[in-house]
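Per-entry structural report
Here's the letter readout for the chains.
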Amino acid sequence: MPLPAMPDLADIEARAQHLWEQSRIHEFDPDGPGPVFSVDTPPPYVSAAHLHVGHAMSYAQAEFVVRYQRRRGRRVFYPMGFDDNGLPTERYVEQAHGVDRATISRSEFRRLCLDETRRGAATYEALWRALGLSVDWRHRYSTIDDRCRRIAQASFLDLWRRGRIYRTDAPVQWDPQAQTSLSQADIETRARQARLYEIAFSDGARIATTRPELLPACVALYRHPDDARWAHLDGATVTVPLFGHEVPLRADADVRPDFGTGLLMVCTFGDGDDVERWRRDGLPARVCLGADGRLTAAAGDYRGETCADARKRIVADLGDRVLGSSVVDQVVSVGERTGEPIEWQMRPHWVLRVLDLCDELLDRSAALRFHPDHLRSRLDDWIRGLRHDWNLTRQRFYGVPFPVWFCTVDGCPGAVGADERALPVDPLEDRPPVAACPDCGGELAGDPDVMDTWMTSSMSPAIVTDPPGTPERPLTVRVQAHEIIRTWLFTSLVKAHLHDGALPWSDVMISGWGLDERGRKISKRALLNSDRYDPMAVIHRHGADALRFWAAGTHLGSDSRYSEREVRTGRKVVLKLWNVARFVDEHLLQTAGAGPDASRATPPPRVERPVEDRWLLHRLAATVERATAGFDRYDYATAREATERFFWNDLADTWIELVKHRVRHPDDHPAPALAAAGATGREVLGAVVGLWAPFLPHVTEEIYQRLLRGEGGPVSVHVTPWPRPADCAEPPEMPAVLAVLQACRALRGERRLPQGQDVATLTIDAGDDTWARLEPVRPTLLAAARAGEVRRGPAERSTAVADLRVDIA
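Remember, predicted model here, so these are calculated numbers, not experimental data. (Residues numbered from 1 in each chain as written. Predicted model: local features only at pLDDT ≥ 70, side-chain atom pairs only at ≥ 80, totals over all residues. Heavy atoms only, no water.)

**Remarks on the overall build of the protein chain**
What counts is decided by this rule: Every helix listed is a DSSP run of H or I at least four residues long, and every strand listed is a run of E at least two residues long, numbered separately from the N terminus. As defined in this context, the radius of gyration uses C-alpha atoms, and a globule is described by 2.2 Å times the residue total to the power 0.38. Buried residues are those whose accessible area, probed at 1.4 Å on protein chains only, stays under 20% of the maximum for their type, while exposed residues exceed 50% and partly exposed ones sit between those limits. Note on contacts: a residue pair qualifies if any of its non-hydrogen atoms lie within 4.5 Å across the two residues. The accessible surface values rely on the Shrake-Rupley method and a 1.4 Å probe; as for residues, cover is taken only from the protein chains in view.
Secondary structure summary: the protein chain contains 23 helices and 28 strands in total. Its C-alpha radius of gyration of 35 Å places the protein chain more than 25% over the 28 Å reference for a compact globule of 809 residues. In terms of overall dimensions, the protein chain has a C-alpha envelope of 110 × 65 × 45 Å along the principal axes. For the protein chain, buried positions account for 57% of its 809 residues. Within the protein chain, contacts between residues at least 6 apart in sequence are counted, and of these 78% link residues at least 24 apart. Taken as a whole, the protein chain presents about 33600 Å² of accessible surface, with 48% of it coming from carbon and sulfur.

This is the structure in structure tokens:
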């Protein structure tokens, strides 16, 4: 079926996607031939509602490799999940609906969350389908569905009963705005400036602090043992100004004598160092900050005030006890989702011990193949920098509940876990497996908290391999972005190590961020104010293949600025591929105007074809080799670069220009040369369509169906074998031909002579040896110059537009 002059890209995309769905080529066959290539895809937060081109970029990059592996004969297992629980979803619902979790019922809040996640999942799936992702949608999951909750709760029970998870009532990092405890992975650091106040205590003691509002929580002062300034206070107590309680002065070699006054104030709790000294030295607890970030009754008259307001009042009330102040640079910990400074709270919470596993996890990291390899250091640095075990508890509504009931009798530590056969359970709604506490016979009540979302997401290798007919673990590859190395990759590694004693996958493919055109992370405001970064809008403007082309232009692990110009270039590539296919079809495959004998002639062997045909086949073989090597190491960008270079430089700009002479002047060429043009054109077009297919799946499918499939061919280009052209030796004459072609183009530009206009004569100034090499390729030289004849002669400058003179050394 011939190709129309101008493709309708929207129709082409719809036809291709319908074909893939109807033919079921993306479905995993558990009993089929060939090795398995299985993918652990990142389940996106569907409530991150505003999709942008960065999402399309990272998912497309992984899918390039998936399509390649399918063409190499692998049985691809490519599921898709959606992360539907946890703090990001709750935060989105609060903002989108203007609700406060504290003033809405648990059931109503969960209903709003479920509604939003369903809408978000539909939006994501629509984009993934429009983008042409070759997902097996039968294996779609949601981290809040029954199967995922069952797997997450089973993981918890297993690790709890093995003693790896324990419960403690201890200080925990707390986000006052989100009203929940956090783990180390949920926290970022930010630089800022703060005011450092020097404050006088009794007996001449002076401290420097940026947080005067924590004076009511002060429980000790510390000095360095070698700091003689404060040696006279050893063993003494001093009085905290304004609040009047006594605190001891202690020595600690970790105190910096050069900071502030050299005396360190320890409060319960200002930071992690306060927590460590409180634990180590058995200090009392005077907690003056509540869960909402406001001061408690322990702060006396300042109760109910925010930290900022209390700080101002306390500084004012201290009067001349404030000896001075200065502005200092500091780094503070903030919640990743809210940006709110982190405080510490005494809260009961579940903890998974990981600090004792660091050496074993580093060994697991060393056994993983990272693509690109340099990003392994992010995982290793995170493991080496761990300071806390993994806090699993979130004081939220929307998440996977802990499958545990506690005894309600004061002082009784009784706790009962769910029967695994009953999972998933909600302990606030379901009955416990026993009628009463086994320790004291008291009444049981369900744990009201939920698990950290990573407790579920970390089980994605088990989730995707849980249904019947799925591959075994370990999976082949985890694909994800670099910013969740410390969370999703790390926690998945921990869980597989503890549950399976093995790696969850053999390879990790890490993508970067899609940035706006100024190099910044794409903001919600930019998405609301313009459709510039909206991937669906980009697809409507330029086509899915054009957007995928841009996504393929950045190497793995690197951030990429979105470029509308590069997307438009992708559209030009799509149209150029279409036009090249039309040319090959109309002038070579159909042998239109090629003479009465051409269609009956048998193409000569490759080694006997015209020099430009042999050269093109040689260049094609080298291109396939480079693209294959790139894809084999997950380097899709190198594969695209090699394909693009061959397509434009070798095929479109060189060979097609040369072969046009055989098309336009068939009587000047023997039938075998005409047949060779058709055979070479078909072979190269098939290979080029195959090379472009992972990147441009829609237009290549259309060209394949119309021109290349033939009777009984594979149902889709995406299940045809990856190109494996036979190599041809590089013809030694071709450099001279290319030099003539380049020189003629330059001369035409000088003389403002259209590149397509024929000239009478090509005159070449060449030595004897060069001329002897050129003589056998006279027809190709005529094609290169679009000349009626070729002569040997001096390269004298001519003013005749009908004569081109070139100098070939």
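Next comes the rest of the write-up.
**Quick notes on the side chain of D452**
To keep things clear, this is the line we draw: For this analysis, a polar contact is any N or O atom pair within 3.5 Å, provided that within protein one partner can donate a hydrogen and the other can accept it, and provided that sequence-adjacent residues contribute only side-chain to side-chain pairs.
The residue D452 is located in the loop between β21 (450-451) and α10 (453-457) in this model. Exposure remark for D452: the relative accessible area of 2% places this residue in the buried category. Polar side-chain contacts of D452 include one of 2.9 Å to the side chain of W390. Among all residues touching D452, those that are not within four sequence positions of it are S183, W390, N391, L392 and R394.

**What to know about the packing of helix α8 (residues 358-367) against helix α12 (residues 485-499)**
To characterise two packed helices, one gives the angle between the axes of the helices and the distance between these axes. The criterion, for reference: Axis lines are fitted to C-alpha atoms, over the contacting stretch for helices. Their N-to-C directions set the angle, which ranges from 0 to 180 degrees. We call two directions roughly parallel when the angle between them is under 35 degrees, roughly antiparallel when it is over 145, roughly perpendicular when it lies between 65 and 115, and oblique otherwise. Ten residue types, Ala, Val, Leu, Ile, Met, Phe, Trp, Tyr, Cys and Pro, are classed as nonpolar, four, Asp, Glu, Lys and Arg, as charged, and the remainder, Gly among them, as polar.
Contact geometry of α8 with α12 gives a least axis separation of 11 Å together with a crossing angle of 105°. The orientation of α8 with respect to α12, classified from their angle, is roughly perpendicular. Within the contact between the two elements, α8 uses E360, L361, R364 and S365 and α12 uses F490, L493, V494 and H497. Looking at the contact of α8 with α12, its residues break down into four nonpolar, two polar and two charged.

**Notes on the sheet that holds strand β15 (residues 369-371)**
The strands making up a sheet associate through hydrogen bonds between their backbones, and the pairing can be parallel or antiparallel. Rules: A pair of strands is treated as paired once DSSP finds two or more bridges between them.
One open sheet holds the five strands; their spatial order is β2-β1-β22-β23-β15, and the pairing between them is parallel. Looking at the sheet topology across the chains shown, the edges are occupied by β2 (75-77) and β15. Each strand of the sheet is rotated relative to its neighbour by a mean of 20°, with strand direction disregarded. Of the pairings in the sheet, the one linking strand β1 (residues 36-40) to β2 comprises three bridges and is parallel in character.

**Looking at the environment of A496**
Within the fold, A496 resides in helix α12. On the basis of relative accessibility, which here comes to 6%, the residue A496 falls in the buried class. Spatially, the C-alpha atom of A496 lies 8.7 Å from that of A462, the residues being 34 residues apart in sequence. Beyond its immediate chain neighbours, meaning those up to four positions away, A496 contacts G501, A502, L503 and P504.

**Re the packing of aromatic side chains**
Each pair of aromatic rings is reported with the distance of its centres and the angle of its planes. Quick reminder of the rule: Stacked, tilted and edge-to-face pairs are distinguished by plane angle, under 30 degrees for stacked and over 60 for edge-to-face with tilted covering the rest, among Phe, Tyr and Trp rings (Trp via its six-membered ring) whose centres lie within 6.5 Å. By definition, being over a ring means that NZ of Lys or CZ of Arg is both within 6 Å of the ring centre and within 35 degrees of the ring normal.
In total, this model carries 25 aromatic pairs according to the counting rule given. The interplanar angle of 80° and the centroid separation of 6.3 Å between the aromatic rings of W692 and F695 together place this pair among those described as edge-to-face. The two residues W692 and F695 agree in class, both being buried. Ring-pair connections join several aromatic residues into one group, and the members of that group are F64, Y68, F549, F631, Y636, F647, W648, W692, F695 and W722. Above the plane of the ring of W513 lies K521, whose end atom (NZ or CZ) is 4.3 Å from the centre.

**Things to note about helix α5 (residues 146-161)**
Worth spelling out the cut-off: By this rule the span expected of a helix is its residue count minus one, scaled by 1.5 Å.
Counted at 1.5 Å a residue, the expected span for α5 with its 16 residues is 22 Å, and the 22 Å between its end C-alpha atoms agrees. Of the residues making up α5, those classed as buried are C148, R149, I151, A152, Q153, S155, F156, L157, L159 and W160. Regarding α5, its N-cap is D145, as a side-chain oxygen of that residue lies 3.2 Å from the backbone nitrogen of R147 further along. G163 lies just past α5 and shows a positive phi near 85°.

**Observations regarding the pattern of salt bridges**
The cut-off we apply is this: Whenever Lys or Arg places a side-chain nitrogen within 4 Å of a carboxyl oxygen from Asp or Glu, that contact is recorded as a salt bridge.
Summed over the entire model, instances satisfying the criterion amount to 65 salt bridges. In this structure, R394 engages D452 in a salt bridge whose closest nitrogen and oxygen atoms are separated by 3.3 Å. Of this pair, R394 sits in strand β17 (residues 393-394) while D452 sits in the loop between β21 and α10, and the two are 58 residues apart along the sequence. Here the two residues R394 and D452 agree in accessibility, since each one is buried. Measuring nitrogen to oxygen at the nearest pair gives 3.0 Å for the salt bridge that ties E657 to K660. Of this pair, E657 and K660 both sit in helix α18 (residues 636-664), three residues apart, roughly one helical turn. In this structure K660 comes out as buried when scored by relative accessible area, which is 17%.

**Things to note about the nonpolar core**
Inclusion rule: Remark: nonpolar core denotes a set of buried residues (Ala, Val, Leu, Ile, Met, Phe, Trp, Tyr, Cys) joined through side-chain atoms within 4.5 Å.
Membership of the largest hydrophobic core comes to 116 residues, with the highest contact counts inside it found for W128, L547, L651 and I703. A per-element tally of this core places α18 first, with 12 residues. Once you skip the residues sitting within four places of it in the chain, W128 turns out to touch H55, A56, Y59, M80, F82, L133 and W137.

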